[in-house]
Amino acid sequence: MYRTTQNFKNNIYAPVRRTAGRVTFDISDVTASGDVTNITTSPESPLSVKAHLIDKRRSMTYKAATLEKDRFRLDGSFSFADDVIANNEELGWSSSDICDAFGVFATPLTISFDFGSNHSSAGLTITFDQVNGEYAVDFDMTAYDAGGAVIATTSVTGNTDIIAVPIGQLYNYRKVSVIIRKWSKPNRRARVFEVDFGFVKQYTDDNLVNLSSVEEMDLLTGKLPSAEFKFTIDNSDRLFNILNPTGFYKYLQQRQQVIGEIGLDTGGGNFEYIPIGNYLLQEWQSDEGSLTATFTARTNLDTMASFVWNNSAPASQSLASLARYIFFLAGISNYWIDPALENITTNSVAEKVNYRDLLQMIAIAGGANIYVTRDGKITLKCNKTRKVRYIRDTTNGSTFNNAGHWVEIQAVNSSGTNIALGKPVTTSFVPVNSPSLITDGNTASENWCGQGGLGNVTVDLGAVYDIETVKVWHYYADGRTYHNTKTEISADGVTWKTVFDSAISGEYAETSAGRTYAMETVLGDMTPVDSADFDNMYTEPQIALDKAIKRVEVTYWTDLSTSGFVGVNHPVNTVGDTLKLEKNTLINTSARAQAVADWLMAQLAYRATYSVRWRGNPALELNDVLSMENTYGSTMNAYVTKNEIEYAGYLTVKTQAKGGVN
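Residues numbered from 1 in each chain as written. Predicted model: local features only at pLDDT ≥ 70, side-chain atom pairs only at ≥ 80, totals over all residues. Heavy atoms only, no water.

S.K.: Can you help me understand the overall build of the protein in this one?
M.R.: Counting its secondary structure elements, the protein contains 6 helices and 42 strands. Oriented by its inertia axes, the alpha-carbon framework of the protein measures out at about 90 × 60 × 55 Å. Buried residues in the protein amount to 53% of all 662 residues. Taking all contacts inside the protein whose residues are at least 6 apart in sequence as the whole, residues at least 24 apart take part in 75%. With an accessible surface of roughly 28,100 Å², the protein has 49% of that area assigned to carbon and sulfur atoms. One way to put it: in the protein the 57 positive side-chain charges average out to a point 0 Å from where the 73 negative ones average out. (Helix = DSSP H or I, 4+ residues; strand = E, 2+ residues; numbered from the N terminus. Buried < 20%, exposed > 50% of the residue type's maximum accessible area, 1.4 Å probe, protein only. Contact = heavy atoms within 4.5 Å. Areas by Shrake-Rupley, 256 points an atom, 1.4 Å probe, with all protein chains shown as cover. Lys, Arg positive; Asp, Glu negative; His and termini not counted. Charge placed at Lys NZ, Arg CZ, Asp CG, Glu CD.)

Right, here's the structure in full:
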């Protein structure tokens with residue numbers, strides 16, 4: 001869920017609500033920022049990163065408290081900065097000097113950019129402090145050619161714009177400088193979040209006809225759907241007509257930044273805006289004489305398909321390292337990789353596959369999902385691990401006799417290590433054979449500890465660990481079925497979470513494979529971040545079921561010509577299809593294939609797709625847990641896998657989510 005204020009949360013489902021749309025369109029030279037060879041500025045404050053001036057982010061992540069006037073309020077709106085500058089995320093540039101009581105800087109502040117080659121653009125744009133609504137009142141902006149001669153300069157006085165465009169169309173500039181003389185508030189540092197080498201235009205309800213966005217993810221990572229954003233604007237001024245010699249059409253380029261936002265009136269006509277995506281322009285359409293222009297934008301994930309990976313020489317590295325390398329080769333820096341992928345090794349061998357598909361192979365090999373966040377960050381996120389110290393397993397006799405027999409219990413982290421190995425075991429009974437057999441690593445059926453009647457065993461890991469899977473073996477040599485089987489986990493030995501209960505999921509025949517419980521399968525234990533209920537739905541959720549899967553088979557490749565496979569059967573389904581994963585050459589061992597098969601089987605538990613058209617909350621993001629109400633008196637938790645947002649003077653949302661079946 002995207003961070004919002006409490007006022008936003010209080011008003012998002014108000015009986016009468018006012019929403020607004022906003023699109024920020026950066027019509028800049030897409031090569032200019034990457035060609036900046038040097039940024040020189042006046043002395044910076046400790047909370048300043050001048051590199052943020054050209055990273056296409058125009059607002060501070062957190063309002064950092066400082067000792068300037070009115071910038072240390074104890075109303076919850078300000079945060080204390082972290083000592084590690086990078087942990088504060090977006091800071092922008094801020095001056096060391098503070099202006100006087102009239103907003104004037106004793107020594108004018110300077111920011112200069114040098115380029116490696118000539119650039120041309122529709123103008124120059126400077127974004128001041130959007131977070132606090134502050135700006136430079138008096139400032140100069142100048143562009144120079146390769147020989148240092150002035151191409152154009154503007155001296156602005158009395159400015160009131162937070163996003164200012166002081167200079168128009170420019171050709172073949174090599175340097176740009178900004179000089180700030182006066183600030184809008186006294187006793188403050190100057191703050192600049194972005195300098196764009198082009199024209200940044202904001203479209204709001206006055207000139208925005210409509211906007212729509214679609215964002216999507218697949219829990220199995222079997223496909224990589226691309227997020228898409230469209231908006232239509234009033235083009236009655238014909239700025240985007242192809243024949244207009246003073247228009248913007250000739251400056252349009254693929255990969256120009258487009259940011260979509262939805263605003264909510266949180267009281268008194270004050271709108272709080274929530275981003276619904278950070279996109280790159282792909283297509284545009286405006287016929288001569290048309291009064292509207294329509295633009296389509298997508299994410300960096302699409303651009304990765306333009307590059308091809310071809311490697312037949314094994315090179316052992318982590319999945320995370322391989323992902324970082326292909327992001328580097330594709331020129332993408334806005335990404336996040338789950339640390340769990342640091343612990344999974346691949347030989348990196350794959351033939352004639354584009355980077356987009358290779359990224360998909362990396363994610364599947366690591367049991368991860370891929371999606372793009374609201375700030376355009378390509379994200380690889382693994383199974384959610386759970387905090388576990390204790391594992392308790394219960395039985396009450398079997399189809400063979402009235403006794404329970406435990407062979408092995410394992411607790412495996414994301415790197416594949418069995419944390420339970422050698423850990424102490426307690427029992428609710430006087431055991432036959434030593435309880436230490438349950439954590440000795442031996443899964444042979446005759447290696448058991450047991451008792452008669454209802455009873456349980458508990459493994460103490462000794463500390464709380466992030467556990468990815470819990471594995472349980474009972475005596476299996478004759479294929480018996482145990483009754484009243486329940487497996488539980490706990491972080492403190494007081495509050496227990498059930499990961500399997502045969503009274504709910506059904507009994508099963510024991511096998512040498514034991515039972516594997518992926519921690520993400522317990523969706524019901526997760527706290528929903530929002531609720532789609534009858535007060536905000538237009539219709540009751542539609543429910544569609546995926547095909548039943550009885551078995552998963554995953555192929556592993558020791559090289560490009562040698563392979564084997566691992567199969568996992570569904571714990572209950574004996575009828576259904578077999579899901580086969582055969583072509584992922586980044587899976588190189590039977591152990592990794594087993595982990596992937598277990599992950600896929602766990603994800604397949606979410607067979608139900610819930611679709612609802614509702615008033616919607618634009619702060620709801622992919623992979624959030626949403627609670628959905630139905631007419632049968634229960635609610636269902638599900639992972640958000642698709643959001644379709646439409647705005648045309650009012651907001652409607654269609655959400656799809658994947659969950660289990662009640």
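That shown, we press on.
S.K.: Whenever I open this one, a nonpolar patch on the surface confuses me. Can you help?
M.R.: Together, Tyr325, Phe328 and Leu329 give the surface a local cluster of nonpolar side chains, amounting to about 320 Å² of exposed area. Among the secondary structure elements, Phe328 is positioned in helix α3 (residues 319–329). The exposure class assigned to Phe328 is exposed, which follows from its relative accessible area of 63%. (Patch = residues over 30% accessible without salt bridge, like charges linked within 9 Å, V, L, I, M, F, W, Y side chains within 5 Å. Salt bridge = Lys/Arg side-chain N within 4 Å of Asp/Glu carboxyl O.)

S.K.: Explain the sheet that holds strand β31 (residues 486–490) to me, please; I cannot follow it from the model alone.
M.R.: In any sheet, the strands associate via hydrogen bonds between backbone groups, in a parallel or an antiparallel arrangement. Ordered by their spatial adjacency, 5 strands build an open sheet running β27-β29-β25-β31-β32, and the pairing between neighbours is antiparallel. With partners counted over all chains shown, the strands left at the sheet margins are β27 (425–427) and β32 (496–501), one partner each. Taken over all neighbouring pairs, the strand axes of this sheet differ in orientation by 20° on average, direction set aside. As defined by bridge partners, β27 adjoins strand β29 (residues 454–467) across 3 bridges and the pair is classed as antiparallel. Along β29, the bridge assignment pairs Thr427 with Val457. (Pairing = 2+ DSSP bridges. Axes fitted to C-alpha atoms, helices over the stretch in contact; angles between N-to-C directions.)

S.K.: Please clarify how the side chain of Thr299 should be interpreted in this entry.
M.R.: Positionally, Thr299 belongs in the loop between β17 (292–298) and α2 (300–303). Once residues within four sequence positions are removed from consideration, Thr299 is found in contact with Ser226, Ala227, Tyr279, Leu280 and Val372.

S.K.: Please clarify how the nonpolar core should be interpreted in this entry.
M.R.: The tendency in soluble globular proteins is for nonpolar side chains to be buried as a group. Formed by 49 residues in total, the largest nonpolar core has its most connected members in Phe25, Leu211, Phe231, Phe240 and Phe295. In terms of residues, this core owes the most to one element, strand β41 (residues 635–647), which gives 6 residues. Sequence-distant contacts of Phe231, that is, excluding residues within four places in its chain, are made with Val23, Phe25, Leu208, Asn210, Leu211, Val258, Ala293, Thr294 and Phe295. (Core = buried A, V, L, I, M, F, W, Y, C linked by side-chain atoms within 4.5 Å.)

S.K.: Please clarify how the sheet that holds strand β8 (residues 163–167) should be interpreted in this entry.
M.R.: The 3 strands lie next to each other as β8-β5-β11, forming an open sheet whose pairing is antiparallel. Two strands bound the open sheet, and with one partner strand each, they are β8 and β11 (194–196). Recorded for the sheet is a direction-independent mean angle of 20° between the axes of neighbouring strands. Two strands pair when backbone bridges link them, and strand β5 (residues 124–127) and β8 are joined in this way by 3 bridges, in the antiparallel orientation. Of the residues in β8, the one forming a bridge with Ile126 is Ala164.

S.K.: For this particular structure, what's the right way to read the pattern of salt bridges?
M.R.: One side chain can pair with another of opposite charge once the charged atoms of both are near each other. Applying the stated criterion to the full structure yields 22 salt bridges. Residues Arg22 and Glu261 are paired through a salt bridge, measuring 2.8 Å at the closest nitrogen-oxygen approach. Here Glu261 lies in strand β15 (residues 257–265) and Arg22 lies in strand β1 (residues 19–28), a separation of 239 residues in the sequence. The pair formed by Arg22 and Glu261 is uniform in burial state, with each residue classed as buried. One salt bridge connects Arg356 with Asp302, and the closest N-O pair in it is separated by 4.0 Å.

S.K.: Which parts of the structure should I look at to understand α3?
M.R.: Two residues of an α-helix separated by three or four positions point the same way, owing to the 3.6 residues in each turn. Every buried residue belonging to α3 is among Leu319, Ala320, Leu322, Ala323, Ile326 and Phe327, and all of these are buried. Along the axis of α3, the buried residues cluster in a sector spanning 165°; they form a single face. The inward-facing, buried residues of α3 contact β18 (308–311), β19 (317–318), β20 (335–337), β21 (345–346), α4 (355–365) and β24 (378–382). Backbone geometry just after α3 places Gly331 at a positive phi near 75°. (Arc of directions from axis to C-beta.)

S.K.: I'm lost on the packing of α3 against α4 in this one. Help?
M.R.: Geometrically, a packed helix pair is captured by the angle between its two axes and the distance between the axes. Where α3 contacts α4, the two axes come as close as 10 Å, and the packing angle between them is 165°. In terms of their interaxial angle, α3 and α4 are classed as roughly antiparallel. Crossing of α3 against α4: the hand is left-handed. Along its contact with α3, which presents Leu319, Leu322, Ala323, Ile326, Phe327 and Leu329, the element α4 presents Tyr355, Leu358, Leu359, Ile362 and Ala365. (Parallel < 35°, antiparallel > 145°, perpendicular 65-115°, else oblique. Left-handed = near helix turned anticlockwise from the far one by under 90°.)

S.K.: Which parts of the structure should I look at to understand unusual backbone geometry?
M.R.: Comment: phi is negative for the bulk of residues other than glycine, and the bulk of peptide bonds are trans. Even without a glycine there, the phi angle at Asn172 is positive, about 60°. Relative to the helices and strands, Asn172 resides in strand β9 (residues 170–183). The phi angle at Asn187 is positive, at roughly 55°, despite the residue not being glycine. Inspection of the secondary structure assignment puts Asn187 in the loop between β9 and β10 (189–192).

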